[in-house]
Amino acid sequence: MAEYKITAEPRTETGKGAARRLRREDKVPGVIYGHGADPRHVSLPSYDLLMALKTSNVLISLDVEGKSELVIPKDVQRDALRTGVLKHVDLLVVKRGEKVTVEVPIQVEGDLAPGQNLLEHTLHALPVEAEATNIPESVTVSVEGLEAGATVSAKDVRLPAGVTLAVDGEDPVLHVVSPQAEEPAAEGEAAEGAIAADEGKSED
């Protein structure tokens, strides 16, 4: 797993006003925490952070005032209206060799059995435990040939070596469902239709 290097700056001002000023300077306010240390407030270059976050659960080598440490993003707040604008990021300090619990995106491959069956996602990301320097970018689930009523559970997902589930293996990940049939007309609507037909006949 490649490391992405970013240089951050410590910040002393907090609050919405300070955060807005940072964003106008193309910087993102962030907090570093973990390993029992007090949370530290930093600012990070927006472009570099955006590029890093293109990789799920990216491992970042963060340089703050000449001191380097490894972190992974734990909570990323994005602007709901403006694409590509980050509002805030929480970064968790990790050590080489230690295991962390993260959510890994689920990729689907293969085709369902013939028909108009639909795939219903119960989970879009799978909670797993892995070494901080060996977090998979995604896990793959095959749905090849599955018919309506089939369920893929967490235990059915192939995991890379050294990665284990951080959720009950029986928890459903995907369901295959049949398309819902069109609902019949309500009884009241049918009755109204019958009355209208009778009235039409009496007028002839």
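Residues numbered from 1 in each chain as written. Predicted model: local features only at pLDDT ≥ 70, side-chain atom pairs only at ≥ 80, totals over all residues. Heavy atoms only, no water.

Engineer: Teacher, can you tell me more about the overall build of the protein chain here?
Structural biologist: If you tally the helices and strands in the protein chain, you get three helices and 13 strands. Each of the 204 residues in the protein chain was classed as buried or not, and the buried ones make up 33%. Surface exposure of the protein chain reaches about 12,500 Å², of which carbon and sulfur atoms provide 47%. (Helix = DSSP H or I, 4+ residues; strand = E, 2+ residues; numbered from the N terminus. Buried < 20%, exposed > 50% of the residue type's maximum accessible area, 1.4 Å probe, protein only. Areas by Shrake-Rupley, 256 points an atom, 1.4 Å probe, with all protein chains shown as cover.)

Engineer: How should I be thinking about the pattern of salt bridges in this particular structure?
Structural biologist: For side chains bearing opposite charge, pairing can occur when the charged atoms are close. A complete count under the given rule lists seven salt bridges for this structure. Of the charged contacts, one joins E9 and K27 as a salt bridge, the two residues approaching to 3.2 Å between their closest N and O atoms. Residue E9 is located in strand β1 (residues 3–10), and its partner K27 is located in strand β2 (residues 27–34); the two are separated by 18 residues in the primary sequence. Look at E9 and you get partly exposed, because its relative accessible area is 40%. Across the salt bridge formed by D79 and R82, the nearest N and O atoms sit 3.0 Å from each other. Using a relative accessible area of 18% as the deciding quantity, one classes D79 as buried. (Salt bridge = Lys/Arg side-chain N within 4 Å of Asp/Glu carboxyl O.)

Engineer: Help me out: how do you make sense of the sheet that holds strand β11 (residues 151–153) in this one?
Structural biologist: Sheets are built from strands paired through backbone hydrogen bonds, the pairs being either parallel or antiparallel. Read from one edge of the open sheet, three strands run β8-β13-β11, paired in antiparallel fashion. Because the sheet does not close on itself, it has two edges, and the strands there are β8 (118–121) and β11. With direction set aside, neighbouring strand axes in the sheet form an average angle of 15°. Examined bridge by bridge, β8 and strand β13 (residues 172–177) share four bridges and lie antiparallel to one another. Paired with L118 across the strands is V177, a residue of β13. (Pairing = 2+ DSSP bridges. Axes fitted to C-alpha atoms, helices over the stretch in contact; angles between N-to-C directions.)

Engineer: Can you help me understand the layout of surface pockets in this one?
Structural biologist: If a probe as big as a water molecule is rolled over the atoms, it shows which places are left empty. Looking at the largest pocket, its volume works out to about 200 Å³. Every residue along the wall of the largest pocket is listed here: L53, T55, S56, N57, P73, K74, D75, V76, R78, V102 and E103. Where the lining of the largest pocket is concerned, the elements lending two or more residues are β5 (67–78) and β7 (99–109). Sorting elements by how many residues they give to the lining of the largest pocket places β5 first, with five residues. The residue inventory of the lining of the largest pocket, partitioned by class, reads four nonpolar, three polar and four charged. (1 Å grid on protein atoms, 1.4 Å probe; cavity = no way out; pocket = protein on both sides within 12 Å on 5 of 7 lines; lining within 4 Å. Points joined across faces, edges and corners; volume = space filled by probe spheres on them. Nonpolar A, V, L, I, M, F, W, Y, C, P; charged D, E, K, R; others polar.)

Engineer: Would you mind going over helix α1 (residues 16–24) with me for this structure?
Structural biologist: Helical geometry note: an α-helix holds 3.6 residues per turn, so side chains three or four residues apart project in the same direction. Regarding α1, the residues found buried are A18, A19 and L22. Seen end-on, α1 carries its buried residues on one side only, within an arc spanning 100°. Among the exposed residues of α1, those oriented more than 90 degrees off its buried face are K16 and R24. In the core, the buried residues of α1 are packed alongside β2 and β3 (37–45). Where α1 ends, the next residue or the one after it, D26, has phi of about 60°, a positive value. (Arc of directions from axis to C-beta. Contact = heavy atoms within 4.5 Å.)

Engineer: In this structure, what is going on with the nonpolar core? I would like to understand it.
Structural biologist: Within soluble globular proteins, side chains that are nonpolar generally end up buried alongside one another. Formed by 23 residues in total, the largest nonpolar core has its most connected members in I72, V94, V100, V102, L126 and V173. For this core, the elements supplying multiple residues, two or more each, are β5, β6 (86–94), β7, β9 (125–131), β10 (139–142) and β13. Per-element accounting of this core gives the leading share, four residues, to β7. Core analysis: the next-biggest nonpolar cluster, separate from the first, contains 19 residues, I32, L49, I60 and L91 among them. (Core = buried A, V, L, I, M, F, W, Y, C linked by side-chain atoms within 4.5 Å.)

Engineer: Would you mind showing me how to read the side chain of S43 here?
Structural biologist: Its location among the elements puts S43 in strand β3. Dropping the residues within four chain positions of it, S43 is found in contact with A8, E9, R11, L22, K27 and V28.

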